[in-house]
Amino acid sequence: MLRWILFAVFVLIVELYAFQAVKTLTKIRWVLIAYQVLSLVIVVYMFYSFATQFDRSVGQTKHTLFTIGLFLITYIPKMLLMVFMFGEDIIRVIGGFLKEFAGTTDESFLTTRRKFVSQIALGVAAIPFLSLLYGMTKGKYNYKLHKQTIYFPDLPDSFDGLTITQISDVHSGSLDNHHEIEHAINMINEQKSDIVLFTGDIVNTHAREMNPWIEAFRKIETPAFGKYSVLGNHDYGEYVTWPSQKDKNENFEAIKDLHKQIDFKLLLNENVKLKKGNDEIALIGVENWGVGFKQAGDLAKASEGVKDNDFKILMSHDPSHWEHEVKTHKSNYHLTLSGHTHGSQFGIEIPGYFKWSPIQYRYKQWAGLYENLGRYVYVNRGFGFHAYPGRVGIWPEITVIELKKASNVA
């Protein structure tokens, strides 16, 4: 009950300040009434949705995705308005006290609000509003191809020039546009890579979420070295309340079977040897292992039969695994491929120059390539989306990595 009271107080304060900005700009009665009615409808809808639709026995649905998106697109701009208007109030109060000390009595304690402050506030608030709106309508399917060449002095000769296409975090329960997904899969096939790797989170929670998309993802062509995958944290059904452990187990088995249905070989703490000519490299796949998340990954078990001096590619969904175990492991795991972070689905990125996202305060490795003593991790920004039904600045990613035999180039 307390959280609902606090939420209601938060909404009330934000709405009052946002209305002050609108009222300062216009005195037209019907405009003010229309604004208040629209705000009230949104507030009632959100309270109803949060109270009735966010069911832990169901998990995330299209309805909850829309509600979260509506909340963000409404209240992030209004919170910015509140910051400006509250800041103006502080200045008005200070000015009032200064007038009192100066003995000025012919004016009210508080000066009237200044129109230009509201104009600036609304202009600034329009930036996240339009960005979030674009993210929900176009940005979530604004697929970007990221190409990366990584150099290793001990790469077996036969694998010089090996190309890898990586996707991650499909979150099929959130997808809603077959045309855009077909376009992305065509992009994957156009790369003609030697191997395709998928680093986890095929669903949000339930295996049935993938059913409308099986035929589409089955169209990912199987290249010379095959298609392989691992599990992510969402694939274990940890985020809903199940009727019984039996139901949870059956869902987990069905999720594992999805990989077979789209012709991917699911690696469950195991490895395969990729052979070419007289050379081979080890492809190792661990179950999810993450700080603060399920830790089913067993690197020792997954690496059984792999020698310390073998060239190794590790698939591990959560990049915190690389940070906390892999990068300093006594065995040399040359390249780790991860996902999980989605780049927070929000940030600013100028490829090759600058990137920022709030997720960087949680994960040291959150998007792109990172290196430590000649060991690399590449963090895919994610194919799909979760919670917020969109992407702003950090676009969905298809990765193509080329391995080259040469001295390390960080």
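Located above this text is the structure these notes cover.
The shown structure was predicted, so the numbers you read here are calculated from the model rather than taken from an experiment.

Caption draft 1: Looking closely at unusual backbone geometry. The backbone of Asp 263 sits at a positive phi, close to 70°, despite the residue not being glycine. Within the secondary structure, Asp 263 is located in the loop between helix 7 (245-261) and strand 5 (265-266).

Caption draft 2: Focus on the packing of helix 1 (residues 2-25) against helix 4 (residues 115-137). The geometry of helix 1 relative to helix 4 is characterised by a closest axis approach of 9 Å and an angle of 120° between their N-to-C directions. On the basis of their axis angle, the class for helix 1 and helix 4 is oblique. Crossing geometry of helix 1 relative to helix 4 is assigned as left-handed. From helix 1, Gln 20, Ala 21, Thr 24 and Leu 25 reach across to helix 4, where they touch Lys 115, Ser 118, Gln 119 and Leu 122. For the contact of helix 1 with helix 4, a count of residues per class yields 3 nonpolar, 4 polar and 1 charged.

Caption draft 3: Examining the sheet that holds strand 12 (residues 368-372) more closely. The strand order across the open sheet built from 6 strands is 6-7-8-9-13-12, with neighbouring strands paired in mixed fashion. The sheet is open, and its two edges are formed by strand 6 (270-276) and strand 12, each paired on a single side. Neighbour to neighbour, the strand axes of the sheet diverge by 20° on average, direction disregarded. In this sheet, strand 8 (residues 312-315) lies alongside strand 7 (residues 279-285) in parallel orientation, the contact comprising 4 bridges.

Caption draft 4: Summary view of the sheet that holds strand 14 (residues 397-405). Ordered in space as 1-14-2-3-4-5, the 6 strands form an open sheet in which the pairing is mixed. For this open sheet the edge positions go to strand 1 (144-152) and strand 5, each flanked by a neighbour on one side alone. Alignment of strand 4 (residues 227-229) against strand 5, held across 2 bridges, turns out to be parallel. When the sheet's bridge partners are listed, Tyr 228 is paired in strand 5 with Lys 265. Those strands touched by helix 5 (residues 178-190) are strand 1, strand 2 (163-167) and strand 14, and its axis lies near 10° from that of strand 14.

Caption draft 5: How the structure looks around the nonpolar core. Formed by 28 residues in total, the largest nonpolar core has its most connected members in Leu 175, Ile 181, Ile 202, Met 210, Phe 217, Ile 220 and Phe 383. Of all elements in the fold, only helix 5, strand 3 (195-198), helix 6 (214-218) and helix 7 reach the threshold of two or more residues within this core. When residues of this core are assigned to their parent elements, the largest contribution, 5 residues, is made by helix 5. Beyond its immediate chain neighbours, meaning those up to four positions away, Ile 181 contacts Tyr 141, Tyr 143, Leu 175, Trp 213, Ala 216, Phe 217 and Phe 383. With 25 residues, the next largest nonpolar core counts Ile 195, Val 230, Leu 274 and Met 315 among its residues.

Procedures and definitions
- Residues numbered from 1 in each chain as written.
- Predicted model: local features only at pLDDT ≥ 70, side-chain atom pairs only at ≥ 80, totals over all residues.
- Heavy atoms only, no water.
- Helix = DSSP H or I, 4+ residues; strand = E, 2+ residues; numbered from the N terminus.
- Axes fitted to C-alpha atoms, helices over the stretch in contact; angles between N-to-C directions.
- Parallel < 35°, antiparallel > 145°, perpendicular 65-115°, else oblique.
- Left-handed = near helix turned anticlockwise from the far one by under 90°.
- Contact = heavy atoms within 4.5 Å.
- Nonpolar A, V, L, I, M, F, W, Y, C, P; charged D, E, K, R; others polar.
- Pairing = 2+ DSSP bridges.
- Core = buried A, V, L, I, M, F, W, Y, C linked by side-chain atoms within 4.5 Å.
- Buried < 20%, exposed > 50% of the residue type's maximum accessible area, 1.4 Å probe, protein only.

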